[in-house]
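# Structural features, examined
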Amino acid sequence: MKRFKLFVALAVTVFAPAIVCAQGGAATNIRSSAEPLPNCTPASGVQAEPMIWDTTAGVMKVCTATNTWTTVSGSGSGLVIVDVRIYPRTDVGINAAITACPAGGTVLMSNGAYSIAGTINIAKPLNLIGTGKGSQLIVSAALGATTDIILVQPASDGNYIRLTDFVIVPASGSPGRHAIHLNGASAEVNNFTMERVLIPVKFGGNAVFADGSGLGQGTPVVATIGPNNVLVGGVVMPNAGDTVRIINNVISGAGPAIDVTFQPGAASFILSGNNITSDGGTHIGNYANTTQILNNEFETDSTFTGSNGSVIDLDASSTAAATGPNVTGNGISVINGITANGIRVNYSLSANISANRLTRGISTSKDILITSNALQTQIGVNMFTTGGPLSSEISDSGTGTIITGKVPVQVVTSTAFNFGTYLNGYAVCEDSTAAAVCAGTLPTAAAGIQYCVSNGYNGSNPNTGVVAIGTSAAGQFIIDMTGALSASGGYVSSGGAARDSACVVGVDSTHWLLYVKSGTWTTH
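Residues numbered from 1 in each chain as written. Predicted model: local features only at pLDDT ≥ 70, side-chain atom pairs only at ≥ 80, totals over all residues. Heavy atoms only, no water.

## A few points about the overall build of the protein chain
Counting its secondary structure elements, the protein chain contains 2 helices and 53 strands. Taking all 524 residues of the protein chain together, 50% fall into the buried category. Here the analysis covers contacts within the protein chain between residues at least 6 apart in sequence; of these, 63% occur between residues at least 24 apart. (Helix = DSSP H or I, 4+ residues; strand = E, 2+ residues; numbered from the N terminus. Buried < 20%, exposed > 50% of the residue type's maximum accessible area, 1.4 Å probe, protein only. Contact = heavy atoms within 4.5 Å.)

Right, here's the structure in full:
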């Protein structure tokens, strides 16, 4: 029988009985069991035929270090190859190969079209690998709306499940539910990876959907989606766990591009390097601690409605605010003449937004919208390509927002207040009782920080009460306009007149320097 060379273009690690790799360029002979095996150690000392595919038995054999031919694929081995001989190119054949493959092994879907009429189930640690665009899962148009194409639902051990190098495409229409469904109902889906998987058409649900408690850890945990996936239909995770990364993918289609809410206590979600175009926007929900949205390219399409009308929506809740999200280095383009905000910040603490390039929609749109539920948002230097006015670039209703080039101002309507934790700021006394005392307490002194306070106008009359600036504790001092020191832990106060105002500048860790702007001030 004539023999043909098969070149395996994908590195495959085989876990039993020894680690064996079929790498790019390795020659594999196809032969039947009736043919005699060639010499495993040719006279030249160079193995010309390191791998043989037995077409009758449906197994692969390799020449081992002991110079013997050993079967490394098939039932009980670490590598099961789906081909038309033993495992048909159907969902049934793939599931049979998964069943035959031991935990931690690899199911290789050889080049070809696979007819998918049901769910492919993965319930154990496994590598499901194709050969690239040539391995195509073609989903029946009749697949039901509640049926997933690939369901990853570990029964007990969900560590190290990997999907790579294949295509999922419908025969026609938008059949089925989710293209890939990660379900942590019974176990953690942990250390999950997915790369070079092409889902170029939207199914009935999402490209990737993840749910389940993951034994209280969320689903998935420590997962990487990317690089180089094409995900039409977006990624939705209503209960994500720690350290989820979505990196360097193309994400598009109807509905949300990204919609992620987190398990309480989860942290370190990273969305980086993706090209994202959708009509539903990117929504980051509850418990989004230390979320990083970095160096992505966001665009809208003609049907865009967004998440709360925004391209990026930091949208937690009053009991599960996002803490420390960082939105940096992204390109955000609102195109097609629609109304949409670039970035919305809601129920977020200490969000940082900087170095983004923002192109605004029509005039009612905002590049950055900060709601009254946001606290201590920090707006750094961003590029507003559409230009002013400032109210369209940044619409700020938050508390304690710091905008580069703007000094934080707090309006004081009580008799005592703190200057806050910012490096500088102004306080304006506007108590409804015009003659009420307005006494502020400084933080611990530090070189270069500065604060100012002034009587203002309460809406009916000028405020005329005594204004006081006090140190935080014993060992803290104010140097007054004569060069004299206040008492340890002391303060300075005005005489009580309209527009009494003064500033202090930190000199070192224990001293403040007073600058009187208006009024008569006394050192205590």
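## Quick word on the state of the cysteines
Throughout the structure, instances matching the rule amount to 2 disulfides. Between the sulfur of Cys-429 and that of Cys-438 lies a disulfide, 2.0 Å long from S to S. In this structure the cystine formed by Cys-429 and Cys-438 twists about its S-S bond by roughly -80°; its chirality is therefore left-handed. Neither Cys-429 nor Cys-438 differs from the other in exposure class; each is buried. Between the sulfur of Cys-452 and that of Cys-503 lies a disulfide, 1.9 Å long from S to S. (Disulfide = S-S within 2.5 Å.)

## A closer look at the nonpolar core
Grouped together as the largest cluster of nonpolar side chains are 82 residues, with contacts concentrated most on Ile-94, Leu-137, Ile-150, Ile-168, Ile-199 and Ile-258. The greatest single-element share of this core, amounting to 4 residues, is contributed by helix H1 (residues 91-100). One finds Phe-417, Ala-445, Val-492 and Ala-502 within the second-largest nonpolar core, a separate group that totals 20 residues. (Core = buried A, V, L, I, M, F, W, Y, C linked by side-chain atoms within 4.5 Å.)

## Here's the deal with the packing of aromatic side chains
Under the definition given, this model contains 4 aromatic pairs. Summarising the aromatic geometry, the rings of Phe-262 and Phe-269 are spaced 5.5 Å apart at their centres and angled 65° between planes, so their arrangement reads as edge-to-face. Judged by relative accessible area, which is 4%, Phe-262 ranks as buried. (Phe/Tyr/Trp six-rings, centres within 6.5 Å; stacked < 30°, edge-to-face > 60°.)

## Re the pairing of strand E45 (residues 424-429)
Alternating positions in E45 separate cleanly, Gly-425, Ala-427 and Cys-429 being buried on one face and Asn-424, Tyr-426 and Val-428 remaining unburied on the opposite face. Of the pairings in the sheet, the one linking strand E43 (residues 409-412) to E45 comprises 4 bridges and is parallel in character. Each bridged residue has a counterpart across the sheet, and for Val-411 the counterpart in E45 is Val-428. Inspection of the sheet shows E45 paired to strand E47 (residues 450-455) by 6 bridges, in the parallel sense. Paired with Tyr-426 across the strands is Cys-452, a residue of E47. (Pairing = 2+ DSSP bridges.)

## A word on the sheet that holds strand E48 (residues 467-470)
Judged by pairing direction, the sheet is mixed, and its 5 strands sit side by side in the order E44-E46-E48-E50-E53 without closing on themselves. Edge strands, defined here as strands with exactly one partner in the open sheet, are strand E44 (416-418) and strand E53 (521-523). Looking at each pair of strands side by side, their axes are set apart by 20° on average, direction ignored. (Axes fitted to C-alpha atoms, helices over the stretch in contact; angles between N-to-C directions.)

## Structural notes on the confidence of the model for the protein chain
A residue-level look at the protein chain finds 84% of positions with pLDDT of 70 or above and a mean pLDDT of 86. Within the model, the stretch residues 1-32 combines pLDDT values under 50 with 82 contacts to residues more than four positions away or in other chains. This model gives residues 42-49 a pLDDT under 50, and the stretch forms 15 contacts once residues within four places in sequence are excluded. (pLDDT = per-residue confidence, 0-100.)

## Some points on H1
By the criterion of burial, H1 is predominantly enclosed, with 7 of the 10 residues buried. With a side-chain oxygen lying 3.3 Å from the backbone nitrogen of Val-92, the N-terminal cap of H1 falls on Thr-90. (Polar contact = N/O pair within 3.5 Å; in protein donor to acceptor, adjacent residues only side chain to side chain.)

## Let's talk about the pattern of salt bridges
What the rule picks out here adds up to 8 salt bridges. The salt bridge partner of Arg-177 is Asp-148, with a shortest N-O separation of 3.0 Å. Of this pair, Arg-177 sits in the loop between strand E15 (162-170) and strand E16 (180-183) while Asp-148 sits in the loop between strand E13 (135-139) and strand E14 (150-152), and the two are 29 residues apart along the sequence. Glu-297 is paired through a salt bridge with Arg-357; the nearest N and O atoms lie 3.1 Å apart. Placement of Glu-297 in strand E29 (residues 297-300) and of Arg-357 in strand E37 (residues 357-359) is noted, with a sequence separation of 60 residues between them. (Salt bridge = Lys/Arg side-chain N within 4 Å of Asp/Glu carboxyl O.)

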